[in-house]
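An overview of the molecular structure
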Amino acid sequence: TGTGAALMRADSAPALGIGTTRYDTLIHNGTIWQRKRYAPTPVDLVTAQLAAATGVLFTSTANIVIRSFRIVNTSAGARTVNLYIRPLGAGTRYPPMPYNTVIAAGAQYATDPAALFIPLEATDTIEGDADTGAVCDIAVDGEDWSENAETVSRVYEGLVSNVLATLATVPAAERWLIRSIATVNVSAGAVTIDLRIVRNATTVKVLSVSVPVGAMI
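Everything quoted here is computed from the prediction, not taken from an experiment.

So, on to the packing of aromatic side chains. Under the counting rule described, the total for this entry stands at two aromatic pairs. Taking the centre distance of 5.9 Å and the plane angle of 85° together, the rings of F117 and W145 count as edge-to-face. In this pair, F117 is assigned in the loop between β9 (108-110) and β10 (118-120) and W145 in the loop between β12 (136-144) and β13 (191-199), connecting sequence segments 28 residues apart. Classification of F117 by relative accessible area gives buried; the value is 5%.

So this is what it looks like as structure tokens:
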């Protein structure tokens, strides 16, 4: 009533919750404005066995996000495994899990979907290996955001310097929401990571943590 505005959201299939069409609806002065949105679509990115040599498991299109992965050791002995993200399918590989992870016989390494959010760019690859081929099953699950109103992207990948340096700069016309940060220590000793955000000449430290050898945060 009156000249105020009301904001509503409606789902075309509320019982589903995932992969449904969503609408942002604004009612103002008797006029209905509606924006169609889509929830991310769940996708199976990888279902395979790790080989002894590092190989490509998946080549991404744009707007793909890794949400979880699990590696199961089906052999009778402990196995050493690695998983990598390789930007644009070339150059340096970056592990989204602890380097040289050892999985006991019959055990698995699994991530929490609520904690993992790794955007992939077009032609990025997921690669992996094990010290013995064809005995470690891997499954990588993700989401396709290509029909969503928002875009997802990787803002930085690379090795961190031992001096304070800019990793990414937000363009003046944009606002960013940082969904996840992951770092793996591939050095021979523990490393302390500091992350800071600079806004209007004010620096705020948002993370300071010691990462053990081979570990990931």
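Turning to the pairing of strand β14 (residues 202-211), a few remarks are in order. Of the strand pairs in this sheet, β13 and β14 are connected by nine bridges, and their pairing is antiparallel. Across the sheet, V198 pairs through a bridge with T203, a residue of β14. Where β13 folds back onto β14 in an antiparallel hairpin, the turn is made up of two residues, including N200, whose phi is positive at roughly 50°.

Among the surface-exposed residues, V155, Y156, V160, L167, V170 and W176 lie close enough to one another that they form a single nonpolar patch of about 490 Å² accessible area. Following the sequence through the fold, W176 ends up in the loop between β12 and β13. A residue is classified by how much of its surface remains accessible, and W176, at 36% relative accessible area, is partly exposed.

Sheet strands line up and pair through hydrogen bonds in the backbone, either parallel or antiparallel. The strand order across the open sheet formed by four strands is β5-β11-β7-β8, and the pairing between neighbours is antiparallel. Looking at strand neighbours, the two that pair on one side only are β5 (55-59) and β8 (101-103), the edges of this open sheet. In this sheet, adjacent strand axes meet at a mean angle of 30° when their direction is disregarded. Note: strand β7 (residues 79-86) against strand β11 (residues 125-130), six bridges, orientation antiparallel. The residue of β11 that forms the bridge with Y84 is E127.

The phi dihedral of L88 falls on the positive side, at around 60°, and the residue is not glycine. Take L88: it is sitting in the loop between β7 and β8. Positioned with a positive phi, N200 is a non-glycine residue whose angle comes to about 50°. Assignment of secondary structure puts N200 in the loop between β13 and β14. Judged by relative accessible area, N200 falls into the exposed class, the value being 70%.

Rules used in this analysis
- Residues numbered from 1 in each chain as written.
- Predicted model: local features only at pLDDT ≥ 70, side-chain atom pairs only at ≥ 80, totals over all residues.
- Heavy atoms only, no water.
- Phe/Tyr/Trp six-rings, centres within 6.5 Å; stacked < 30°, edge-to-face > 60°.
- Helix = DSSP H or I, 4+ residues; strand = E, 2+ residues; numbered from the N terminus.
- Buried < 20%, exposed > 50% of the residue type's maximum accessible area, 1.4 Å probe, protein only.
- Pairing = 2+ DSSP bridges.
- Patch = residues over 30% accessible without salt bridge, like charges linked within 9 Å, V, L, I, M, F, W, Y side chains within 5 Å.
- Areas by Shrake-Rupley, 256 points an atom, 1.4 Å probe, with all protein chains shown as cover.
- Salt bridge = Lys/Arg side-chain N within 4 Å of Asp/Glu carboxyl O.
- Axes fitted to C-alpha atoms, helices over the stretch in contact; angles between N-to-C directions.

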